[in-house]
Amino acid sequence: MSAQSNSEAPLVLASASPRRVELLAQAGIEPARLLPTHIDETPYKAEHPRSLARRLSGEKAERARQIIDGERKGQAEDERGPAPFVLAADTVVAVGSNVMPKAELLDEASQCLRMLSGRAHRVYTGLALVTPKGRLRQRVVETRVRFKRLTREEMEAFLASGEWHGKAGGYAIQGLAGTFVVKLVGSYTNVVGLPLSETVALLTGEGFSVHFAWAQGGV
């Protein structure tokens, strides 16, 4: 039994990230649907990383809700079911005010490692929830992370692993790069991609029954 079984409105996750699905499962939440959206994630000129995370998560949630609304308009009223909650997130890794890319090329990943080696950086995750009544609720969670100074051998081995591909900042803390972390202040799950405590608080604050499955022993 999933957590939303006692909630009239289902949950749609505006993402296809396996990490976010796994983190929701850890909290006993199984989305009724995954609906990834495609938006331009280019930062505005001089846009702060925190503002970027907030804006992108909001745009993803709103876009997913627009798609759902369009689908529902094409359905008969008795087939629609309740309007869903729509949850979106966007994670931004930054050194100072410099946003690190989601590394797609080896050169990008190498540049990220050199920037992160031996210094602190911040991970921001924007959370956006569109309620069944269409209200947008948002939060931004920040975690500070410090990497040890990386040797050439460590960098080359990590780059050869391919784990960096598609990851913000060129790494995933739950993978090999976890061995680089010497200090973390804040939410670990935020760095993975979805701050669980804040996500659960956001959902329960809007009436989504996160804890129902816990009480039923169904997690």
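This is a predicted model, so every value here is computed, not measured.

Asks: Explanation requested: the overall build of the protein chain in the structure shown.
Replies: Of regular secondary structure, the protein chain possesses seven helices and seven strands. Taking 2.2 N^0.38 as the reference for a compact globule, 219 residues should give roughly 17 Å; the C-alpha atoms of the protein chain span a radius of gyration of 18 Å, in line with that estimate. C-alpha atoms of the protein chain, sized along the principal axes, occupy 60 × 40 × 25 Å. Relative to its 219 residues, the protein chain shows a buried fraction of 47%. The contacts of the protein chain with a sequence gap of at least 6 include a subset with a gap of at least 24, amounting to 70%. As displayed, the protein chain has an accessible area near 10900 Å², and 48% of this comes from carbon and sulfur atoms. Across the protein chain, 28 positive and 24 negative side-chain charges occur, with their mean positions spaced 7 Å apart.

Asks: Looking at this structure, I do not really get the environment of Tyr124. What am I missing?
Replies: Note that Tyr124 resides in strand S5 (residues 120-130). By relative accessible area, which is 4% here, Tyr124 ends up buried. In this structure the C-alpha to C-alpha distance between Tyr124 and Arg144, which are 20 residues apart in sequence, comes to 9.0 Å.

Asks: What exactly am I supposed to notice about the side chain of Thr125 here?
Replies: Relative to the elements of secondary structure, Thr125 occurs in strand S5. A relative accessible area of 0% places Thr125 in the buried class. Within the structure, Thr125 has its side chain in polar contact with the side chain of Asn190 (distance 2.6 Å). In contact with Thr125, other than residues within four places in its own chain, are Ala53, Ala89, Asp90, Thr91, Arg139, Val140, Val141, Asn190, Gly193 and Pro195.

Asks: Is there a simple way to think about the pattern of salt bridges in this case?
Replies: Where charged atoms from two side chains of opposite charge come close, those side chains can pair. For the coordinates displayed, the defined rule picks out 14 salt bridges. Across the salt bridge formed by Arg65 and Asp69, the nearest N and O atoms sit 2.9 Å from each other. Of this pair, Arg65 and Asp69 both sit in helix H2 (residues 49-73), separated by four residues, roughly a single helical turn. The class for Arg65 is buried, based on a relative accessible area of 11%. Here Glu206 ties to Arg137 by a salt bridge, and the two come within 3.1 Å at their closest N and O atoms. Taken as a pair, Glu206 in the loop between helix H6 (196-205) and helix H7 (212-216) and Arg137 in strand S6 (residues 136-147) lie far apart in primary sequence, 69 residues in all.

Thresholds applied
Residues numbered from 1 in each chain as written. Predicted model: local features only at pLDDT ≥ 70, side-chain atom pairs only at ≥ 80, totals over all residues. Heavy atoms only, no water. Helix = DSSP H or I, 4+ residues; strand = E, 2+ residues; numbered from the N terminus. Rg over C-alpha atoms; globule rule 2.2 N^0.38 Å. Buried < 20%, exposed > 50% of the residue type's maximum accessible area, 1.4 Å probe, protein only. Contact = heavy atoms within 4.5 Å. Areas by Shrake-Rupley, 256 points an atom, 1.4 Å probe, with all protein chains shown as cover. Lys, Arg positive; Asp, Glu negative; His and termini not counted. Charge placed at Lys NZ, Arg CZ, Asp CG, Glu CD. Polar contact = N/O pair within 3.5 Å; in protein donor to acceptor, adjacent residues only side chain to side chain. Salt bridge = Lys/Arg side-chain N within 4 Å of Asp/Glu carboxyl O.

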